[in-house]
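# Summary of structural features
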Amino acid sequence: MLFRRLQVMEYQKAVVFANGRYEKTLGPGRYFLTNVFPRRDTVLFDVRLATLAVTGQEILTKDKMPVRMNLTALYRVADPAKAVTKVQVYTNYLYEQLQLAARVIVADLTLDELLAKKTALTDELTEKIRPLAAEAGLELAACGVKDVVLPGEIKTLMIKSVEAEQAAKAALITAREDLAATRVRANTAKLYADPAMIRLKELEVMAEFAKKSGNTFVFGQAPYLKVP
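Parameters and conventions
- Within every chain, residues take consecutive numbers counted from 1 along the sequence as written.
- Local features in this predicted model are restricted to residues of pLDDT 70 or higher, and side-chain atom pairs are both shown and tallied only at a pLDDT of 80 or more, whereas totals for entire chains, interfaces and linings draw on every residue.
- Values shown for side chains rest on all heavy atoms present in the structure; no hydrogens or waters enter the calculation.
- Here, a strand pair is defined by DSSP locating no fewer than two bridges between the strands.
- For helices the rule is a DSSP run of H or I covering at least 4 residues; for strands it is a run of E covering at least 2, with both sets numbered from the N terminus onward.
- Note on definitions: angles span 0 to 180 degrees between N-to-C directions of axes, and those axes are lines fitted to C-alpha atoms, for helices only across the stretch in contact.
- Side-chain atoms within 4.5 Å link the members of a nonpolar core, which is a set of buried Ala, Val, Leu, Ile, Met, Phe, Trp, Tyr and Cys residues.
- Exposure is judged per residue with a 1.4 Å probe applied to protein chains only, and the accessible area is read against the type maximum: over 50% gives exposed, under 20% gives buried, and values in between give partly exposed.
- Whether two residues are in contact is decided by their heavy atoms, any of which lying within 4.5 Å being enough.
- Note on ring pairs: Phe, Tyr and Trp rings are taken, using the six-membered ring of Trp, and paired if centres are within 6.5 Å. Classes follow the plane angle, with under 30 degrees stacked, over 60 edge-to-face and the rest tilted.
- Here, a charge over a ring means that NZ of Lys or CZ of Arg falls within 6 Å of the ring centre while also lying within 35 degrees of the ring normal.
- Contacts described as polar in this section are N or O atom pairs within 3.5 Å, which, within protein, must combine one atom able to donate a hydrogen with one able to accept it, while residues neighboring in sequence count only if both atoms come from side chains.

Time to look at the sheet that holds strand 5 (residues 40-46). The antiparallel open sheet is built from three strands, whose spatial order is 3-2-5. Each edge of the sheet is formed by a strand with only one pairing partner; in this case those strands are strand 3 (21-26) and strand 5. Neighbour to neighbour, the strand axes of the sheet diverge by 25 degrees on average, direction disregarded. Pairing between strand 2 (residues 12-18) and strand 5: seven bridges, direction antiparallel. Paired with A14 across the strands is L44, a residue of strand 5.

Shown next as structure tokens:
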């Protein structure tokens, strides 16, 4: 047969090679291609968004702490001609670039920085990967760190550290409250050093007692009579 029929779906693009050399890229539609003079071969690409997961990456931080990271990328084939001529398997290429970029970034961060700057890490990773993906005909829609998994012993140490920090805060609050109470007692003692204040307190207590009991108290001192 001199011709063959090619149908490209709405979500596809077709890269056409004439005698082994790139000729053109076809969008959705029906086509008839010659099999001789020149011979034309085609490669179909799905140009819908796709997800690539990079899981279980064991990486050492700047302070030599081992972490396991899971990365993800959302991409699509934007230039099929590049995707087929620049790299052998574009998914493998993107996987390796994500892997290498993550190792370079994490190696410059301590564990505390890594856990505190997860959003910044995602932004930096995207900035590094986007131009590399474009070189292979890929458009990077999103890229980031899905999660960071710590070894069991590091989790235990971090839990103990948090518990110790909380205990120290509680002890500090208790100490402040005790100090405040001591100051109040000291100020009260100074006030009661004045006899007038002591007498006033006595009167307050007796008045309160009288209110509860319903009795009436008469305060005063009986005069002494001088008999001639």
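It is worth spelling out the nonpolar core at this point. M69, L71, Y90, L94, L98, L125 and L138 are the most contacted members of the largest nonpolar core, which totals 35 residues. Among the elements of the structure, strand 2, strand 6 (50-60), strand 7 (66-77), helix 2 (90-106), helix 3 (111-116), helix 4 (118-135) and strand 8 (138-149) are those that each provide at least two residues to this core. For this core, the leading source of residues is helix 2, giving eight residues. Other than its neighbours up to four places away in sequence, L98 contacts L52, V54, L71, A73, L125, I129 and C143. If you look at the next biggest cluster of nonpolar residues, it comprises six residues, including L6, A14, L26 and L33.

Here we take up the packing of aromatic side chains. Under the counting rule described, the total for this entry stands at three aromatic pairs. Their ring planes at 75 degrees and their centres at 6.3 Å tell us that F17 and Y22 sit as a pair that is edge-to-face. When its relative accessible area of 41% is taken as the criterion, Y22 is described as partly exposed. Taken together, a centroid distance of 6.1 Å and an interplanar angle of 35 degrees make the contact between F45 and Y90 tilted. Residue F45 is found in strand 5, and its partner Y90 is found in helix 2; the two are separated by 45 residues along the sequence. Its relative accessible area of 7% is what places F45 among the buried residues. For Y90, a relative accessible area of 19% translates into the label buried. Residue placement shows R48 over the ring face of Y11; its charged tip is 4.0 Å from the ring centre.

Here we come to the environment of D147. For D147, the position within the fold is in strand 8. Residue D147 is classed as partly exposed on the basis of its relative accessible area, which comes to 27%. Between the C-alpha atoms of D147 and K118, which are 29 residues apart in sequence, the distance is 8.9 Å. Apart from residues lying up to four places away in sequence, D147 is in contact with R68, M69, N70 and K118. Polar side-chain contacts of D147 include one of 2.6 Å to the side chain of N70.

By themselves, these figures tell us nothing about what the structure is for.
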